[in-house]
Amino acid sequence: MTATAEVLDQVVLAEPPRLGRLYARAMAESRMPRSAALPATEVVLDDVHVDVEHLAAYDEVCGFRLTDALPATYPHVLGFPLQMQLMASRTFPLALPGLVHVRNTIDVERPVRWDEPLQVRVHAEELRAHPKGTQVDLVTDVTASGEPVWTGHSTYLARGVSIGTPSDDEVVGPDPAVDEAGGRASAVWRVPKETGRRYAAVSGDVNPIHLNPWAAKAFGFPRAIAHGMWAKARCLAALEGRLPDAFRVDVSFRKPLLLPSTAELRESRQDDGWRMRLSARRGDLTHLLAAITPL
Amino acid sequence: MSPTPTPRRAAVVGGNRIPFARSGGRYARASNQDMLTTTLDGLVARFGLQGERLGEVAAGAVLKHSRDFNLTRESVLGSRLDPSTPAYDVQQACGTGLEAAILVANKIALGQVESGIAGGVDSASDAPIAVNEDLRHVLLDLNRARTPVQRLKALRGLRPGQVVPETPRNGEPRTGLSMGEHAAITTREWDISREAQDALTLASHQNLAAAYDRGFLDDLVTPYLGLTRDQNLRADSSMEALAKLKPVFGADEPGATMTAGNSTPLSDGSALVLLASDEWAAARRLPVLAHLVDAETAAVDYVHGGEGLLMAPAYAVPRLLARNGLSLGDFDFYEIHEAFASTVLTTLAAWEDPRFCKERLGLDAPLGSIDRSRLNVTGSSLATGHPFAATGGRIVATLAKLLHEKGSGRGLISICAAGGQGVVAILEAA
C-alpha cells in the first residue's frame, strides 16, 4: 500500500452515481476490450452530508448504536459508489463482475461526526499479479474541512486473470490479520437469510450474489452470501465501547458466509489491540480475520 | 451481627442529559439503548470516568421493549465505563428517574457503594408494538402443541383482524382514562383557570430559554443528533399564542382548560446523574454540588378512593417535611414536575386548602404557600418536554446545580407518576 506518486486527474461528481445502472453497464460490457493500466483518475464527491435516517438504518443492520460519531465502517458506504464508478468503466483493467473483495483496511484518524461535511475521494492503485489472479487496491480518502480523518483500502481479486508472474513479495504477501483469536467463541450469531438484502439496501452494494441464491449459483456459490463489509461492521459493533478513538482495522475475507448461517466470533485482546475471527458454527471454516490496532 | 453503619448523605456530583426531542422528531430513529448509552458516555466524558468501575448504575424506561429487559446493563456494557460495573433497571412510571437516584443515594448513604449513576430514558417514537392479543394466544397455543392435530386446532384460531397490532396506550389500566383525562377531572375539581395554566406554561418556556441563554445548561446537556436545545422549547411563546390553542383533555365538557400548550408533549430523551460519597468525589477532585437529604414516595387510591391520579406528591411532601422538621416555606428552590400546568397548580392549591390539609392530610393547619419566584426557575417539563423516566435525572441535576450556584440553601423536588404515585426529595447545597 505505497502512495501513488503520479498526479491523478480529479473527476468531481455532482451526486453519487446510481449503482444499479453501473452494475448493468459493467455486466453488459464485461467481455469488451479494456484498458491495460489503471485509470489515472480520482473520483471526488464534495460536501457530503450524512443523512441521519440513513445512518440509523445502517446502524440497525450492522448492530451499531446510533451516536453522533460515525461507525468506523460507515464512510466505506460513502466511498463505495465512487469505487464502482471507477471499476464499472472499461478504462478499468479488470471486469467488475467476478471481482472479489479479499481484504479491507480502515484507518480512523479520529471519530468523525455525522454532521461534519465530508469530502470523499477514491482512486485505484497497485495493480499487481497474484498467484490466483490479479489484485488491485481501491483507496478511499475522507477529509473534513481538509483534515484527513478516514482512509479505506479495499483489495479486490480478479480470479484467473493474469497480468504476469507475481513477484516473491506478492506471493508471500503480508497478512496482518494473522489468526491469533483462538479459544472459546465470545458470541454466536444467527445470520438470517435477509442479511444480504438488508445490507444491500443501506450500502448500495446490490451485487446479485448477495441478493438471491440463483445469482449466487451462477458465480459458483451454493447460496447467497453475506457482504464482507457487513461481517466486518458486525464484528466492530461487537466491540462497542471498547475501541480507541483512532485505530486501524485490517480485515482479510476468507471463505464466504452463506446465508442463512450461524457464525461464531472469537476475539483476543493483545498488547496492541484486538484480534478477531469469524468462523462457521461447526468446523474450522474461517469467514474473516481482523486485527484492530490503535493509531 | 455487624454494627449498623451510620448513614451519610450522598453527594450529587453532576449530571448529563441529551436535549429532549418531541416524539417523532430528531430522535425518531434512536432507541432507548442508543439514547441511554450516549448519555452515559457523555457523563463518563464529563467526569473522566473512562474505564472506572462504579458501585452501580440504576436507570429505566417506562415504554420498554421486552427485549430490553436488561436495558441499563446493556447500556453499561456498550459504554466506556468498566464493564464490571453492575446495573439494574428501575420502573416507577414518571417517578423512575428520581426513584433510581434515591436507590443509589441510599446505598451510598449506607456505605454499600461509593459511587453510582442514576436516571432514565424514554422514547415515545420507538415505542414497543405488540402483536394482537388474540394472535398472541394462537401463537402460544401453537408453541405448546405437540401433535399435528393440536397444531391444526391452534391455527384454526387465526383471524384476519389479528394482523392489527396492539400499540401502547398512555392510559391507566384500571380506569381506561388517559393521564390527561384524569388530570382534567382534577383540574375541574380544583377549579384551576386556563389563564393560570397558560401563565405557568409561559414562565416555564421563558425560564428555560433564559437558562440556556446564560449558559446554565452548558454542563448539564450534551447535544445529540443535531439537537442542541430541547425541541419543545418555544422562547417566543406568549399568552396570546397559548390562549389560541383548543382544549384537548376534558374537552367534552364545557369550560375545558387543558391544551397541547399547557400539557407536556410525548417526548424522547434521557438524563443521568452521578452520585457519590464525599470521599469518592474528593479523591477524584470532582465537585459536590449538593447532598440528597431525604426522600418520600406516596401513593393514592385514584381508582376507588376519590383522589386525583396525579395528587400523590401532595401527600408525600408533608410526610417528608414532618420527618425533617421543616415547613413548606423552608426552601430556596421548588422543582415541581410539570406533567401538566394544572398538576403543579392543583398541588399548590391543595397545600393552601384548609379542608384538604385537614381531611386528607390530617394536618391542623394548611401546609402553606410557596414563593412562586422560587418555582421551576430554569423551566420544567412544559418547556423541556417529558420523556417519562428521564425527568427525574433532569430535575436532580438541575436543582443540584442551582443550589451550588447559590452556595447555600435547600431545594424540594416533587414528581407525580402514573398509578397514583408521587416521589419527592430534598436536596441541600454542599
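Residues numbered from 1 in each chain as written. Chains lettered and ligands numbered in written order. Predicted model: local features only at pLDDT ≥ 70, side-chain atom pairs only at ≥ 80, totals over all residues. Heavy atoms only, no water.

Requested: an account of the overall build of chain B, with residues and values cited.
Helix and strand counts for chain B stand at 14 helices and 12 strands. Judged by the C-alpha coordinates and their principal axes, chain B covers about 75 × 60 × 50 Å. Taken over 430 residues, chain B has a buried fraction of 55%. Of the contacts formed within chain B by residues at least 6 apart in sequence, a portion of 79% connects residues at least 24 apart. Seen as two clouds, the 42 positive and the 48 negative side-chain charges of chain B have centres 6 Å apart. (Helix = DSSP H or I, 4+ residues; strand = E, 2+ residues; numbered from the N terminus. Buried < 20%, exposed > 50% of the residue type's maximum accessible area, 1.4 Å probe, protein only. Contact = heavy atoms within 4.5 Å. Lys, Arg positive; Asp, Glu negative; His and termini not counted. Charge placed at Lys NZ, Arg CZ, Asp CG, Glu CD.)

Break down the domain arrangement of chain A for me, citing the residues and quoting the values.
Residues and elements named next belong to chain A. When cut into domains, chain A gives domain 1 (1–173) and domain 2 (175–295). One C-alpha centre belongs to domain 1, the other to domain 2; they are set 19 Å apart. Of the roughly 2600 Å² buried at the junction of domain 1 and domain 2 (both faces included), carbon and sulfur atoms supply 61%. Here domain 1 and domain 2 share three salt bridges between them. Note that R103 is salt-bridged to D250, the shortest N-O span being 3.0 Å. For the interface between domain 1 and domain 2, the tally reads 13 residue pairs in polar contact (both at pLDDT 80 or more). Listing elements by their share of the side of domain 1 that touches domain 2, those giving two or more residues are helix 1 (19–28), helix 2 (52–62), helix 3 (74–87) and strand 3 (99–108). Take the side of domain 1 that touches domain 2: its biggest share by element is eight residues, from strand 3. (Domains from an automatic or database assignment. Buried area = accessible area lost by both parts, 1.4 Å probe. Salt bridge = Lys/Arg side-chain N within 4 Å of Asp/Glu carboxyl O. Polar contact = N/O pair within 3.5 Å; in protein donor to acceptor, adjacent residues only side chain to side chain.)

Please give an account of the sheet that holds strand 9 (residues 261–270) of chain A that cites residues and values.
All names here are of chain A. An order of 1-2-4-5-6-3-8-11-10-9-7 is seen for the 11 strands of this open sheet, with the pairing classed as mixed. The outermost strands of the open sheet, each flanked by one partner alone, are strand 1 (9–13) and strand 7 (187–191). Each strand axis lies, on average, 20° off the axis of its neighbour in the sheet, ignoring direction. Note: strand 2 (residues 41–48) against strand 4 (residues 118–130), four bridges, orientation antiparallel. (Pairing = 2+ DSSP bridges. Axes fitted to C-alpha atoms, helices over the stretch in contact; angles between N-to-C directions.)

How would you sum up the interface of chain B and chain A? Please name residues and give values.
The interface is formed by 18 residues belonging to chain B together with 15 residues belonging to chain A. For the pair chain B and chain A, the summed buried area comes to about 1300 Å², and 42% of that belongs to carbon and sulfur atoms. The largest share of the area that chain B buries against chain A comes from B:R29, B:R80 and B:L225, three residues that together contribute 47% of it. The tally of links between chain B and chain A comes to four salt bridges.

Which residues make up the packing of helix 2 of chain A against helix 7 (residues 228–237) of chain A, and what values do they have?
Any two packed helices are characterised by the angle at which their axes cross and by the distance between the axes. All names here are of chain A. At a minimum axis distance of 9 Å, the contact between helix 2 and helix 7 shows a crossing angle of 85°. The orientation of helix 2 with respect to helix 7, classified from their angle, is roughly perpendicular. Between helix 2 and helix 7, the residues in contact are Y58, V61 and C62 and W230, A233, R234 and A237, respectively. Residues belonging to the contact of helix 2 with helix 7 are distributed by class as follows: six nonpolar, no polar and one charged. (Parallel < 35°, antiparallel > 145°, perpendicular 65-115°, else oblique. Nonpolar A, V, L, I, M, F, W, Y, C, P; charged D, E, K, R; others polar.)

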